[in-house]
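One-letter residues, chain by chain:
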Amino acid sequence: MIALIAGLTLPLLAALASIALPLRARVPAALLGVALTLIASLWLAVEVWHNGPVALLLGGWPPPIGIALQADGLGAALGVMTALVMVGVALAARVELAPSVAGARASFGFWPLMLLLWGALNAVFVSRDLFNLYVGLELITLTAVALVAISGKAQAIAAALRYLLFALAGSLLYLAGVVLTYAAHGTLDITLLATRAPAPGDALALGLMTAGLLAKTALFPFHVWLPPAHSAAPAPASALLSALVPKASLLIVLRLWFEAMPDLAAPSALLVLASLGAIAVIWGGVLALVQKRLKLIVAYSTVAQLGYVFLVLPLAGGDGAAQPWAAGAWTGGIFQMLSHGLAKAAMFLAAGIYLAAVGSDRLGDLRGQARALPMTGFAFALAAVTLMGLPPSGGFTAKYLLMTAAFASGQWAWAFVLVGGGLLAAAYLYRPLAALFAREVARTPRPISRLWQAVPLVLAALSIALGLLSAVPFDFLQIGRPDQAAEGL
Amino acid sequence: MSLSVFALTGAALVGLGVYGLLARAHMLRRVIAFNLIGSGLFLFFGAAAARSTDVDPIPQALIITGIVVALSTSALAVGLVVALARSTGKAYLPDDEGGA
């Protein structure tokens, strides 16, 4: 329980310290906060692994008056993934956002924003109260928008404003759903809502909340804000925006449809959501294929990769919840979130290294850079293996589990999406890889320290290790899983 | 009776806000439209969540929290609009310049 509290409070304290302390002590304080929060996240995961879900009633008030926090396997696993990405981003940002490189404004703003984002993410991962989740989402939005605008360039500010428009519209839709839920049931606690008496307005409330969360997750057709926003930010900030921020709204979608109101998961509704996910997989892949800049390819790839997660809804939700394949489909979706987070952070950090070394992320200028910066090229290739879903990566395990569930449940149409998305990913990632591994060198890069180069490599290797060592995380994700289905697959 | 007046007023505010958000491209108008939607939702919340004659403290706490969140979001949005206007001379997003 101390680990749960520490994971929520340490990032906030470190964020305040990184504003208030004298100039020289700011970055060390932020790094200390990063290290301590990493320990808290790992400790929380160990506690969940040994004792099951860790729960905390704020102020000792039980719901519906009070707010319940609970770390289950899903929340703790996302917390650990977040912590690993944050550590990598912090190490890269020490170099990339030094005042001499990024300017005083960005280097001052980045550390508190990053730590506040971490605190808000951890709050969303463990919240069991719909309104508390709303506040957490808003904190994430505020910090993420500020991270997009951190460079202060006109283009970045316009991208941040467009992002803010979508995110605010999403928040208000979500809030409208929360209001209707409270008016009908007098509670916003997810556990209590699961046992509520159905009311006529429930479907409208769930629809409003889901629509709002989709806008925040950038699911097709709400994806238009994402690529400009994610590519306008400095690379460490893009890594946070792409690897972590959409995971919070995705997690709430899963909690709503699987835990709070699973009785409303009509097959037609699940089909619509999964179809939007399938379109996102294909459309995001096609758009990634035609981009000429590395960061935009990686950003459009996020649109595609997030679409996969929505395939969980028809495979593990509704009537399928009690089926033998549900556990596999559920875990496959979460594996996709975890491995995408690690691999996408590695890709954006690698793109940042290329930007620093070559001064451009146009594919033509990156030709032959794998020879000059072999560790970064290898990291990008490893991350690409995960995103394509090739064995033995975490992305492969995710897509394998989803595909097994698709065949076992007779919904084989989703398997075409998985295969097609994998082929598209191979195509759109082949272009940067072919440029990087070309024989001739377009530009002579500036030297990059090995320590900095190692950061994306470690993150990419972790996304591969997630597949190699998938048994432990698989069991971990079953802790506190909403519907304990028979483990048939 | 009075409760349904509040709820209907809240719904009307939400409608006005949504119209402003969709029909107006000027970013300051959009920020105000967001605040209208938010205020409408809070008003509706207060009216719709009054379940009996007793005072229910939870909606009050949630509305106050929501107002604080809305205020901070508006502050960030206005700050960004000002920064955009300073750097481009316009308070419109690039694609929306033809709008009203």
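What you are looking at is a predicted structure, and each value in this text was computed from that prediction instead of being measured.

1. Topic: the overall build of chain A
Scanning chain A for helices and strands turns up 22 helices and two strands. Since a compact globule built from 489 residues should have a radius of gyration of about 23 Å, the 21 Å found for chain A is in line with a globular shape. Taken along its principal axes, the extent of the C-alpha atoms in chain A is 65 × 55 × 40 Å. Taken over 489 residues, chain A has a buried fraction of 64%. Residue pairs at least 24 apart in sequence account for 81% of intrachain contacts in chain A once pairs closer than 6 positions are excluded. Carbon and sulfur atoms make up 72% of the accessible area of chain A, which amounts to about 16,500 Å² in all. The distance from the centre of the 25 positive side-chain charges to the centre of the 16 negative ones in chain A is 20 Å.

2. Things to note about the overall build of chain B
Counting its regular elements, chain B contains three helices and zero strands. Element order for chain B, N to C, with α for helix and β for strand: α-α-α. Compactness check: chain B gives a C-alpha radius of gyration of 17 Å against a globular reference of 13 Å for 100 residues, more than 25% above the reference. Across its three principal directions, the C-alpha atoms of chain B cover 55 × 25 × 15 Å. Considering chain B as a whole, with its 100 residues, one finds that 34% of them fall into the buried category. If you take every contact in chain B between residues at least 6 apart in sequence, the share linking residues at least 24 apart comes to 62%.

3. Some details on the layout of surface pockets
By volume, the largest pocket is sized at about 1,000 Å³. A:Lys153, A:Ser231, A:Ala232, A:Ala233 and A:Lys295 are, among the 40 residues lining the largest pocket, the residues nearest its centre. If you list the elements that add at least two residues to the lining of the largest pocket, you get α3 (73–96), α4 (99–102), α7 (154–185), α10 (226–232), α11 (235–243), α14 (294–309) and α16 (326–358) of chain A together with α3 (57–88) of chain B. By residue class, the composition of the lining of the largest pocket is 25 nonpolar, five polar and ten charged.

4. A look at the interface of chain B and chain A
In many analyses, interface size is given as the accessible surface area lost on bringing the parts together. Taken together, the contact pairs 34 residues of chain B with 30 residues of chain A. With both sides pooled, the region where chain B packs onto chain A buries about 2,700 Å², and carbon together with sulfur makes up 84% of that total. For the interface between chain B and chain A, the tally reads zero salt bridges. No other element matches the 16 residues that α3(B) contributes to the side of chain B that touches chain A. A class-by-class count of the residues in the side of chain B that touches chain A yields 22 nonpolar, seven polar and five charged.

5. Considering empty space enclosed by the protein
Residues and elements named next belong to chain A. Tallied over the entire structure, the rule returns four cavities of 30 Å³ or more. What the largest cavity holds in volume is close to 100 Å³. Along its surface, the largest cavity is lined by 14 residues, and Ser41, Leu44, Gly79, Asn122 and Val126 are the ones closest to its centre. For the lining of the largest cavity, the secondary structure elements donating two or more residues are α1 (2–20), α2 (23–51), α3 and α5 (104–126).

6. So, the UniProt feature "transmembrane region" (unreviewed entry) in chain B
Residue and element names in this part refer to chain B. Per the UniProt entry, the sites bearing "transmembrane region" (unreviewed entry) are residues 6–25, 32–50 and 62–85 in this numbering. Secondary structure content for residues 6–25 is 90% helix and 0% strand, while the C-alpha to C-alpha distance between its ends is 29 Å. In this annotation, residues 32–50 is assigned 89% helix and 0% strand; the end-to-end C-alpha distance for the span is 27 Å.

7. Some thoughts on the pattern of salt bridges
Residue and element names in this part refer to chain A. Going through the model one piece at a time under the given rule, you end up with nine salt bridges over all chains. One salt bridge in this structure joins Arg128 and Glu259, with 2.6 Å as the shortest N-O distance. Remark: Glu259 occurs in helix α12 (residues 245–260) and Arg128 occurs in the loop between α5 and α6 (130–148); sequence separation between them is 131 residues. Its relative accessible area of 8% is what places Arg128 among the buried residues. Residue classification places Glu259 among the buried positions, given a relative accessible area of 10%. We note a salt bridge from Asp365 to Arg443, for which the minimum N-O separation is 3.4 Å.

The rules behind these values
- Residue indices begin from 1 for each chain and proceed along its sequence in written order.
- Here chains are named by letter from A upward and ligands by number from 1 upward, in the order in which they appear as written.
- Selection of residues for local features in this predicted model requires a pLDDT of at least 70, selection of side-chain atom pairs for listing and counting requires 80 or more, and totals for whole chains, interfaces and linings are taken over all residues.
- To obtain the side-chain values, all non-hydrogen atoms of the structure were used and water was disregarded.
- Each helix corresponds to a stretch of at least 4 residues labelled H or I by DSSP, and each strand to a stretch of at least 2 residues labelled E; elements are numbered beginning at the N terminus.
- What the globule rule says is 2.2 Å times the number of residues to the power 0.38, and the radius of gyration is computed from C-alpha atoms.
- Each residue's exposure class comes from its accessible area (1.4 Å probe, protein chains only) as a fraction of the maximum for that residue type: buried when under 20%, exposed when over 50%, partly exposed otherwise.
- In what follows, a contact means two residues having at least one pair of non-hydrogen atoms within 4.5 Å.
- Here the open area of atoms and residues is found with the Shrake-Rupley method and a 1.4 Å probe, where only the protein chains shown may cover a residue.
- The positive count covers Lys and Arg only, the negative count covers Asp and Glu only, and His and the chain ends enter neither.
- Every charge is mapped onto a representative atom, which is NZ of Lys, CZ of Arg, CG of Asp or CD of Glu.
- In the cavity and pocket records, a cavity denotes points on a 1 Å grid over the protein atoms alone where a 1.4 Å probe fits but cannot get out, a pocket denotes an open set with protein on both sides within 12 Å along at least 5 of 7 lines, and lining residues are residues with an atom within 4 Å of a point.
- Grid points are joined across faces, edges and corners, and a volume is the space filled by probe spheres set on the points.
- In this count, Pro and Cys sit with the nonpolar residues alongside Ala, Val, Leu, Ile, Met, Phe, Trp and Tyr, while Asp, Glu, Lys and Arg are called charged and the others, Gly among them, polar.
- The term buried area means the drop in 1.4 Å probe accessible area that two parts suffer when joined, counted for both and summed.
- One side-chain nitrogen of Lys or Arg within 4 Å of one carboxyl oxygen of Asp or Glu is enough to make a salt bridge.
- UniProt positions are given in the numbering used here, feature names are shortened, and annotations may be inferred rather than shown by experiment.

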